[in-house]
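# Tertiary structure, described
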Amino acid sequence: MPTLTFSRLRKTYATTVAADDVSFEVGSGEVFGMLGPNGAGKSTIIRMLMDIIAPDAGEILLDGRPIGARERDRIGYLPEERGLYRKEKVLDVLVYFGMLKGLGRGAARAGAVRWLGAFGLGEMAGRRVDTLSKGQQQKVQIAGTLLHDPSIVVMDEPFSGLDPINTVFVKDVLRERSRAGGIVILSTHQMPLVEALCDRVAMIHRGRLVLYGNLEEIRRSQGEASVLVDADGALGALPVVDRVERHGGLSRVFLKPGARPRDLMDLLVQRGIPVEHFEVMRTPVEEIFVRTVEAGGSA
Amino acid sequence: MSKIAVVVQREFLSTVKRRSYLIVTFGMPFFVSIYMGLVALVPAIFMAQSGAQKKESALVDEAGIVHEEEIATLDAEGADQPMRELTKRLGGTASGKTAAAMLERTAGSARLVVYPALDRALEALQARRVEKVYVIPRDYLETGGIEAYQRADASFGFGRSRARESLEKLLGRSLMAGIVPAALRPRIEQPILRGATRSFTIKDDGTIEPLDVAGRIARVAIPGVFAILFLMSVLVSAGYLLQGVAEEKENRVIEVILSSIRPDELLFGKLLGLGAAGLLQLVVWISVASMATSLLAATALAVLDFKLFFGCLLFFVFGFLMLGSLMTGTAALGSNARESQQLAAIWSTMTIMPPAFTWMGILDAPNGTMARVLGWFPLTAPITMMLRLGTGQVPWWDVVVAAVLLAAGVYLAIRISGALMRLGLLMYGKRPSVREILRQLRHA
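Residues numbered from 1 in each chain as written. Chains lettered and ligands numbered in written order. Predicted model: local features only at pLDDT ≥ 70, side-chain atom pairs only at ≥ 80, totals over all residues. Heavy atoms only, no water.

## Section: empty space enclosed by the protein
Any space left empty among the atoms is revealed by the rolling of a water-sized probe across them. Residues and elements named next belong to chain B. We apply this condition: Here a cavity denotes a set of grid points, spaced 1 Å apart and computed over the protein atoms alone, in which a 1.4 Å probe fits but from which it cannot get out, and a pocket denotes an open set meeting protein on both sides within 12 Å along at least five of seven lines; residues with an atom within 4 Å of a point are reported as lining. Grid points are joined across faces, edges and corners, and a volume is the space filled by probe spheres set on the points. Note on conventions: DSSP H or I runs of at least 4 residues are helices, E runs of at least 2 residues are strands, and numbering of each starts at the N terminus.
This model, assessed by the stated rule, comprises five cavities of 30 Å³ or more. Quantified by volume, the largest cavity comes out at close to 120 Å³. Taken together, 14 residues form the lining of the largest cavity, with Glu11, Thr15, Arg18, Gly244 and Glu247 sitting closest to its centre. Elements with a minimum of two residues in the lining of the largest cavity: helix 1 (3-16), helix 10 (213-251) and helix 12 (263-288).

## Notes on the environment of Asp230 of chain A
Residues and elements named next belong to chain A. To be explicit about the condition: Exposure categories follow from relative accessible area, calculated using a 1.4 Å probe and restricted to protein chains: below 20% of the type maximum is buried, above 50% is exposed, and the middle band is partly exposed.
If you trace the backbone, Asp230 turns up in strand 11 (residues 226-231). Classification of Asp230 as partly exposed rests on a relative accessible area of 30%. Along the sequence, Asp230 and Ser251 sit 21 residues apart, while their C-alpha atoms lie 6.2 Å from each other.

## Description of helix 15 (residues 337-364) of chain B
Heads up, the condition is: Each residue after the first adds 1.5 Å to the expected span of a helix. Consider a residue and the seven residues that end there alongside the seven that start there; fitting an axis to each set, the bend is the angle between those axes.
Its 28 residues place the ends of helix 15 of chain B 41 Å apart at the C-alpha level, agreeing with the 40 Å of an ideal helix rising 1.5 Å per residue. Along helix 15 of chain B, the helix axis deviates most sharply at Thr358 of chain B, where the bend reaches about 65 degrees.

## Some points on unusual backbone geometry
All names here are of chain A. For Arg8, which is not a glycine, the phi torsion comes out positive at approximately 50 degrees. Mapped onto the secondary structure, Arg8 falls in strand 1 (residues 3-12). Residue classification places Arg8 among the exposed positions, given a relative accessible area of 52%.

## Some points on the pattern of salt bridges
Formally: Counted as salt bridges are all cases of a side-chain nitrogen of Lys or Arg within 4 Å of a carboxyl oxygen of Asp or Glu.
For the coordinates displayed, the defined rule picks out 32 salt bridges over all chains. With a closest N to O distance of 3.8 Å, Glu287 of chain A and Arg291 of chain A form a salt bridge. Of this pair, Glu287 of chain A and Arg291 of chain A both sit in helix 10 (residues 285-294), four residues apart, which is roughly one turn of the helix. In this structure, Arg128 of chain B and Asp153 of chain B form a salt bridge, with 2.7 Å as the shortest nitrogen-oxygen distance. Of this pair, Arg128 of chain B sits in the loop between helix 6 (118-126) and strand 3 (132-136) while Asp153 of chain B sits in the loop between strand 4 (147-150) and helix 8 (158-176); the two residues are 25 residues apart in sequence, bridging distant segments of the chain.

## Some points on the pairing of strand 13 (residues 250-255) of chain A
All names here are of chain A. To be explicit about the condition: When DSSP finds at least two bridges between two strands, those strands are taken to pair.
Counting buried residues in strand 13 gives six out of six residues, a clear majority hidden from the surface. Residues Leu250, Arg252 and Phe254 of strand 13 are buried on one face, and the alternating residues Ser251, Val253 and Leu255, pointing to the opposite face, are buried as well. The pairing of strand 11 with strand 13 spans four bridges and is classified as antiparallel. Bridge pairing links Val227 to Val253 in strand 13. Direction of pairing for strand 12 (residues 241-247) relative to strand 13: antiparallel, over a ladder of six bridges. Residue Arg246 lies in a different strand from strand 13, and its bridge partner there is Ser251. Counting the residues that bridge the hairpin from strand 12 to strand 13 gives two residues, and of these Gly248 lies at a positive phi of roughly 65 degrees.

Structure representation (structure tokens):
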């Protein structure tokens, strides 16, 4: 069961610090999310993993050993800045990608055909890349990342340009990879996807690791307790309530520190306030994200 | 298959299969030969016509020394021997035959016609029946001077100078007639006949051998052919290399590739693949054009002097790898195709210019300081060493030093260019600062 260790990584550019003593670990069987605003240093860390950029200090280990070319062949990487050879045939491009990962021509071809089929692009194999739509090209790109059956998958914004059906498909593929004991690292801005997919996350801001750990634990420690309520009456006047915000047709009730949703429910029942809807809200990751960034990453 | 081999295969096949490559490779010789044909043929036809029209010159012999029967023999053997030899040599190929036939028309046309008096001759000149009037004055034997008349509108051309040659020959023969025995006359006219001359070389151990003319030509031809091939293949392949790098940068495909292969491996694979494509193009051009014969000749000569051939081949391949990698690495720093091309041109200039300015000095003193410095400096080594090798005077250890230094240069160039590629290709739309380049080079 492989474990990826990012240990005290540091990388500075002329004027900016892209990674400042960043350490975290990703284990097999999990989908790991890397979050952070644009320019936070996520791509730099991923590029260091792929040996495209060398760190100024620190190291990245796989099962305690430095990563060599052979280990790197086990990684499927979808960079944010990605593309295909536009004037060439889809199948040729994929076979080339596969062979660069160490596959023989036959195996690369078989992998390409299998993944094109899985994405419903089987008929496009002989077409030139530039005749495909943007979404189709994106799927070809993901097929290229997966066709050598990597045990580690690193994807930078994999869902941009994908329609909902294919988004679900890719999500399933990633889940399946992690269930099979692989490591999946996902870098994205799309918080709902992080919530749906990731077990653990690392949030990078200005090159520093500002949040790291189990998503649920982070939510619990960082989030404010709130409840979505549809009820008549002055909710703001209740003793456990801190403040109330409109949330669609409902009220989002923020509880005072220490108060639990059950306390609010008890109060509502006691005072005979009719309740149509009562839903305990988990703090959206987006909120934690925004709050952490606004606080300057000092969380 | 190694990853380098994968890149070589892909770069070669994807280039060769491109429509633009096919059009340029096979269309170019066709258009060039049509163009060259037009450029060469049209003036030649006009020249031939003008030569054919104005063929006679008048001769007025006031000194009374010209033997008219000599004019007849002159006409019979054709006015000028050198021209004849030239046409004979050209005779081999189809284009040579055309040229020879044309030369024949102009060459055989310079005739002298004796006129009894100057006024009659001048009349003929004004009436354009003759092109020129030559007068041998009474005091010719004392002074050696003659008089020549031509029209004010006379043009400059071959025909006239040949008429003058014929006249000189005629005068020489007329003066000898009756005094010099017939057997001596050809020797007085042409004391040394090239065709009957033999040359020898004496070796260090005193053995004497006939001079190997073919070998001598090989010594000049092999380095010459290699130097030209080197320049052409660098220019042709560099075009494909720069285009490929710019495309991968533009396509954003480069990061996917660099996550699977080291940049110096990628660069090396590209060099070999695209170099092969460029070389193939050259071979097609050269063989389709009638230069095939000269290439075949060079190959035949290679058999005569295989050491020289392989020496040149070595410097050709190493030189190509070094220059190609430097050009590509530098080009990766450019933010667009034009900038890339300008940056890459620095290297080709540095390679070509020094030997181009000093080649005479290098050939004169192949073991002099200048020749040695240029031969050992990796950038100027390829062309300089080809020239030096051609002289056959460079000691073997000197060649080995140059080859080792160049090999080190190739290694360094590929490492540096790999680092530059990694840096430049990931910086979309902007050029890295000098400081960043230096940092990256230290890392390499």
